[in-house]
Amino acid sequence: MSSSSLAPPLDVELRPDRPAIVHVESPGDAPGWAAQYREALRARVTEHGALVVRGLGLREADQAGAVFAGLAGDLVREREAFAPRAAEGPAGLYSSMPWPANQPMCMHHELSYLLEVPGLLLFACLSAPDGGGATAVADAEQVLQSLPTALTERFEREGWLLTRTYNDEIGASLPESFGTDDRTEIERYCRAHAIDFTWRADGSLYTEQLRSAVVRHPLTGRRCWFNQIAFLNEWTLDPEVREYLLDLYGEDGLPFNTRYGDGTPIGEDVVQLLNSTYEEHTRREPWQAGDLMLVDNIRTAHSREAFTGERRVLVGMAEPRRLADGCPTPEASRR
């Protein structure tokens with residue numbers, strides 16, 4: 001009999017406007033408590049898509065890393081990052097994505113453009129901001145059901161195309177994304193991970209990768225809107241930032257952008273529709289210092305809202321999954 005089967009039951013607080021929350025009294029030994037309640041916590045994440053655990057009193061990176069390991073085992077090292085994260089403590093533990101505090105990060109599924117995606121996200125709030133900064137969530141099944149059928153059917157037929165230009169000026173560098181700046185190794189990685197690539201005359205790398213926009217959850221079988229179409233699209237950028245980048249790099253040189261699977265540009269109206277649909281299904285709970293949050297990365301999209309003050313939230317990714325209906329290669333997706 002496992003230790004978690006002997007743990008007292010967890011009381012989950014449910015409200016329609018925020019993620020499920022479990023309140024606990026500070027256990028002193030947070031990693032030990034997490035290991036004891038591992039099965040119960042994971043069951044609640046499967047049931048609700050996301051879960052906040054309040055009262056653990058997480059304050060240090062090593063402590064958060066130990067809790068993450070007790071709940072999920074080995075953490076995934078980030079690959080193909082579009083912005084560099086700082087490593088924190090144990091392997092696979094990172095700072096949150098560097099993004100201007102006054103600009104929100106819209107809803108997305110972490111690293112949904114990989115062939116093997118993280119199934120579970122873990123967050124630990126070591127220091128809460130003065131205002132804002134929530135890691136909000138939205139149910140991907142509900143979002144899919146709410147979007148216009150014609151739009152989702154097109155994305156299901158074609159997939160979505162992520163384009164990237166690595167220019168060593170904005171976004172992650174080649175070593176930060178691929179672990180090396182050796183062209184041969186980068187090309188080998190791209191071929192192995194269904195990424196089309198072109199080395200441009202100025203030495204920059206341009207890539208395209210075609211991925212599924214709708215997938216079935218590997219545990220529940222439910223269809224989910226699973227992608228980063230809105231988050232990485234030019235129309236989600238602050239208008240002044242977008243104009244600056246277009247003036248500097250041109251339409252085909254943006255650090256990242258998304259298109260329909262056939263390469264057609266996605267209109268501003270579509271991106272606004274995606275973001276407004278996410279907002280209709282958004283649940284948010286302000287961070288409190290010491291909070292733990294678990295997110296099913298396939299069922300649940302997440303965002304980061306604008307904030308003031310100091311915000312220190314650590315992130316871990318676990319349980320890599322190669323989805324059965326994810327695009328294995330661009331060629332197979334275009335058949």
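Figured I'd write up the structure that's included with this text.

Calculation rules
Residues numbered from 1 in each chain as written. Predicted model: local features only at pLDDT ≥ 70, side-chain atom pairs only at ≥ 80, totals over all residues. Heavy atoms only, no water. Helix = DSSP H or I, 4+ residues; strand = E, 2+ residues; numbered from the N terminus. Rg over C-alpha atoms; globule rule 2.2 N^0.38 Å. Buried < 20%, exposed > 50% of the residue type's maximum accessible area, 1.4 Å probe, protein only. Contact = heavy atoms within 4.5 Å. Lys, Arg positive; Asp, Glu negative; His and termini not counted. Charge placed at Lys NZ, Arg CZ, Asp CG, Glu CD. Disulfide = S-S within 2.5 Å. Pairing = 2+ DSSP bridges. Axes fitted to C-alpha atoms, helices over the stretch in contact; angles between N-to-C directions. 1 Å grid on protein atoms, 1.4 Å probe; cavity = no way out; pocket = protein on both sides within 12 Å on 5 of 7 lines; lining within 4 Å. Points joined across faces, edges and corners; volume = space filled by probe spheres on them. Core = buried A, V, L, I, M, F, W, Y, C linked by side-chain atoms within 4.5 Å. Patch = residues over 30% accessible without salt bridge, like charges linked within 9 Å, V, L, I, M, F, W, Y side chains within 5 Å. Areas by Shrake-Rupley, 256 points an atom, 1.4 Å probe, with all protein chains shown as cover. Salt bridge = Lys/Arg side-chain N within 4 Å of Asp/Glu carboxyl O. Expected span 1.5 Å × (residues − 1). Arc of directions from axis to C-beta. Polar contact = N/O pair within 3.5 Å; in protein donor to acceptor, adjacent residues only side chain to side chain. Nonpolar A, V, L, I, M, F, W, Y, C, P; charged D, E, K, R; others polar.

Along the backbone of the chain there are ten helices and 19 strands. Taking 2.2 N^0.38 as the reference for a compact globule, 335 residues should give roughly 20 Å; the C-alpha atoms of the chain span a radius of gyration of 20 Å, in line with that estimate. Each principal axis of the C-alpha atoms in the chain carries an extent, and together these give about 60 × 40 × 40 Å. Here the chain holds 335 residues, and the buried ones make up 54% of them. Within the chain, residue pairs in contact and separated by at least 24 positions form 80% of the contacts whose partners lie at least 6 positions apart. Here the chain contributes 33 positively and 51 negatively charged side chains, and the mean placements of these two sets differ by 5 Å.

Moving on: the state of the cysteines. For the coordinates displayed, the defined rule picks out zero disulfides. Residue Cys106 stays outside any disulfide, its sulfur separated by 18 Å from that of Cys224, the closest cysteine. Cys224 gets classed as buried once you look at its relative accessible area, which sits at 2%.

Attention now moves to the sheet that holds strand E14 (residues 256-260). The four strands are arranged E10-E11-E9-E14 in an open sheet whose pairing can be described as antiparallel. Every interior strand has two partners, whereas the edge strands, strand E10 (196-199) and E14, have only one. Pairwise comparison of adjacent strand axes, ignoring direction, gives a mean angle of 15° for this sheet. In terms of strand pairing, E10 meets strand E11 (residues 205-211) through four bridges, oriented antiparallel. Bridge pairing in E11 places Thr198 opposite Tyr206. Across the sheet, helix H5 (residues 149-158) touches strand E9 (160-166), E11 and E14, and the angle it forms with E14 is around 100°.

Attention now goes to empty space enclosed by the protein. Sizing a probe to match a water molecule and rolling it over the atoms shows the empty space that remains. Overall, the coordinates contain four cavities of 30 Å³ or more when judged by the stated rule. Considering only enclosed or pocket space, the largest cavity measures out at about 170 Å³ in volume. Lining the largest cavity are 17 residues, with Ser96, Met97, Met105, Phe123 and His302 positioned closest to its centre. Within the residue set of the lining of the largest cavity, elements represented by two or more residues are strand E5 (105-108), strand E6 (117-127), strand E17 (300-304) and strand E19 (312-321). Here the lining of the largest cavity gets three residues from one element, more than from any other, and that element is E17.

Bringing the nonpolar core into the picture now. Core analysis: the largest hydrophobic core is formed by 53 residues, its most contacted members being Phe155 and Trp225. For Trp225, the contacting residues outside a window of four places in its chain are His109, Ala140, Val143, Leu144, Leu147, Thr152, Phe155, Ala213, Val214, Leu274 and Tyr278. Core analysis: the next-biggest nonpolar cluster, separate from the first, contains 30 residues, Leu10, Ala34, Val67 and Leu120 among them.

Quick look at a nonpolar patch on the surface now. On the surface, Ile170, Tyr244 and Leu248 cluster together to form a nonpolar patch covering roughly 280 Å² of accessible area. Note on placement: Leu248 falls in helix H8 (residues 239-249).

We now examine helix H3 (residues 61-72). Residue pairs three or four apart in sequence face the same way in an α-helix, which turns once every 3.6 residues. Along its twelve residues, H3 runs 16 Å from first to last C-alpha, staying within 8% of the 16 Å computed at 1.5 Å per residue. By the burial criterion, the buried members of H3 are Ala61, Ala64, Gly65, Val67, Phe68, Leu71 and Ala72. Mapping the buried residues of H3 onto a view down its axis gives an arc of 160°, with all of them on the same face. Tucked inside the fold, the buried residues of H3 contact helix H1 (30-36), helix H2 (38-48), strand E4 (93-95), E6, strand E16 (292-296) and E19. At the exit of H3 stands Gly73, carrying a positive phi of roughly 75°.

Take the side chain of Glu305 next. Mapping Glu305 onto the fold places it in the loop between E17 and strand E18 (307-308). Of the polar contacts made by the side chain of Glu305, one reaches the side chain of Arg284; its length is 2.6 Å. For Glu305, the residues in contact, after removing those within four places along its chain, are Pro104, Gly133, Ala134, Ala136 and Arg284.

A word on the layout of surface pockets. Quantified by volume, the largest pocket comes out at close to 690 Å³. Taken together, 30 residues make up the lining of the largest pocket; nearest its centre are Trp99, Gln103, Pro104, Thr236 and Leu237. Elements that contribute at least two residues to the lining of the largest pocket include exactly E5, H8, helix H9 (268-280) and E17. Its residues assigned to classes, the lining of the largest pocket shows 19 nonpolar, six polar and five charged.

Moving on, we get to the pattern of salt bridges. Per the stated rule, a full pass over the model turns up 21 salt bridges. The partner of Arg54 in a salt bridge is Glu285, with the nearest N and O atoms 2.8 Å apart. Taken together, the positions of Arg54 in strand E3 (residues 50-54) and Glu285 in the loop between strand E15 (282-283) and E16 put the pair 231 residues apart, joining distant regions of the chain. Summarising the burial analysis for this pair, Arg54 and Glu285 share the class buried.

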